[in-house]
Amino acid sequence: MKTLFKCSYCGAIYEDPNKALECETRHLKIEDAELLGVSGYSNILGEEFPLEARIRFSDGTEADYGFSRIVKNGGST
Ligand SMILES: [Zn+2]
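These numbers come from a predicted model, not from an experiment.

Reading the values: rules and limits
Residues numbered from 1 in each chain as written. Predicted model: local features only at pLDDT ≥ 70, side-chain atom pairs only at ≥ 80, totals over all residues. Pairing = 2+ DSSP bridges. Helix = DSSP H or I, 4+ residues; strand = E, 2+ residues; numbered from the N terminus. Axes fitted to C-alpha atoms, helices over the stretch in contact; angles between N-to-C directions. Buried ≥ 20, exposed ≤ 12 C-beta atoms within 10 Å, placed from the backbone.

**Focus: the sheet that holds strand S7 (residues 62-66)**
Read across the sheet, three strands follow the order S3-S6-S7 without closing on themselves; strand pairing throughout is antiparallel. Looking at the sheet topology across the chains shown, the edges are occupied by strand S3 (34-39) and S7. Between one strand axis and the next, the sheet turns through 25° on average, direction left out of account.

**So, the pairing of S7**
The buried fraction of S7 is low, at zero of five residues. Bridge analysis of strand S6 (residues 52-56) against S7 gives five bridges, and the strand direction is antiparallel. Residue pairing for S7: Ala-53 is matched across the bridge by Tyr-65.

Spatial relationships are all this shows, so hold off on functional conclusions.
Structure below.
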């Protein structure tokens, strides 16, 4: 039997626990992020959803994210 270690953020599997911890520390954490703004609203299922959001992470990096899908009650629409 072999013990493997999984990064809790991306799911990568490692034999070395230190490599798994190292992988986890490389991921930017959403809880450290700040929502800078949203744009490009669109009417979807009768509600105005933003199509883009800009987020700044704790290291100062900013990234734009786009609308993908609506999730209600654990399922997608
Ligand atoms: Zn990872």
